[in-house]
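# A closer look at the structure
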Amino acid sequence: MNKEIFVKVPGDHEFMKICRSVATAAAAVAGFDIEATDDIGLAVFEGTKVLVCHRHDKLPESYNMTINITDEKFVVKLSVNTEFVQEKHRTICLDCPCEGEIGREVANSLMDETRLEEGTEEGDIFILTKYL
């Protein structure tokens, strides 16, 4: 199997749930069991936080998610465009631990590999891999 799925949603927090749902459904189609599909969905949800929460004072214009499924692995590439235009409903909390870093640790614990690429031509990218 060699399949690619692409999703682009508005940068509002509510739309992160769509990325989570699509990733969970794609993981089930790829053949993961219910526990692994839930893990992938949660890792994607946390991954969107890695790209946005506590790093910027505004939300991105959009979130992009590309899922590549092969016989060996399931790879999710999350990215945000470089335009942070939407006002957040709350300010950045400079005194607390970075929620994005906690999200990265959660994603690391659920996936086989994760990688954060900052400042690329596509903006910041978080790549999550789970082997079949």
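Calculation notes
- Residues numbered from 1 in each chain as written.
- Predicted model: local features only at pLDDT ≥ 70, side-chain atom pairs only at ≥ 80, totals over all residues.
- Heavy atoms only, no water.
- Core = buried A, V, L, I, M, F, W, Y, C linked by side-chain atoms within 4.5 Å.
- Buried < 20%, exposed > 50% of the residue type's maximum accessible area, 1.4 Å probe, protein only.
- Helix = DSSP H or I, 4+ residues; strand = E, 2+ residues; numbered from the N terminus.
- Axes fitted to C-alpha atoms, helices over the stretch in contact; angles between N-to-C directions.
- Parallel < 35°, antiparallel > 145°, perpendicular 65-115°, else oblique.
- Left-handed = near helix turned anticlockwise from the far one by under 90°.
- Contact = heavy atoms within 4.5 Å.
- Nonpolar A, V, L, I, M, F, W, Y, C, P; charged D, E, K, R; others polar.
- pLDDT = per-residue confidence, 0-100.
- Pairing = 2+ DSSP bridges.
- Phe/Tyr/Trp six-rings, centres within 6.5 Å; stacked < 30°, edge-to-face > 60°.

Glancing now at the nonpolar core. Ranked by size, the top nonpolar core spans 32 residues in total, and within it M65, F74 and L128 carry the most contacts. Mapped by element, the contributors of at least two residues to this core are strand 1 (3–10), helix 1 (16–30), helix 2 (34–52), strand 3 (62–69), strand 4 (73–80), helix 3 (99–110) and strand 7 (123–131). Looking at which element gives the most residues to this core, the answer is helix 2, with 8 residues.

Orientation of helix 1 relative to helix 2, taken along the N-to-C sense of each, is 150°, at an axis distance of 8 Å. Between helix 1 and helix 2, the crossing angle belongs to the class labelled roughly antiparallel. Handedness of the helix 1/helix 2 crossing: right-handed. Contacts from M16, K17, C19, R20, A23, T24, A27 and A28 in helix 1 reach T37, D38, I40, G41, L42, V44, F45, T48 and K49 in helix 2. When grouped by side-chain class, the residues that make up the contact of helix 1 with helix 2 number 9 nonpolar, 4 polar and 4 charged.

Before going further, it helps to examine the confidence of the model for the protein. Averaged over the protein, the pLDDT score is 83; the fraction of residues at 70 or greater is 80%. Here strand 5 (residues 84–87) stands out as the least confident element of the protein, with mean pLDDT 56; helix 1 is the most confident, with 95.

Turning our attention to the sheet that holds strand 3. Across the sheet, which stays open at both edges, the 5 strands sit in the order 1-3-4-7-6 with antiparallel pairing between neighbours. Each having just a single partner strand, strand 1 and strand 6 (113–120) make up the two edges of the open sheet. For this sheet the average axis-to-axis angle between neighbouring strands, irrespective of direction, equals 15°. In the sheet, strand 3 pairs with strand 4 via 7 bridges, with the strands oriented antiparallel. The residue bridging I69 from the neighbouring strand is F74, located in strand 4.

Let's shift gears to the pairing of strand 6. Examined bridge by bridge, strand 6 and strand 7 share 6 bridges and lie antiparallel to one another. The residue of strand 7 that forms the bridge with T114 is L128.

Before going further, it helps to examine the packing of aromatic side chains. Using the criterion set out here, one finds 1 aromatic pair in the structure. Centroid distance F32 to F74: 5.7 Å. Interplanar angle 85°. Geometry classified as edge-to-face. Taken together, the residues F32 in the loop between helix 1 and helix 2 and F74 in strand 4 connect sequence positions 42 residues apart. The same class applies to F32 and to F74, which are both buried.

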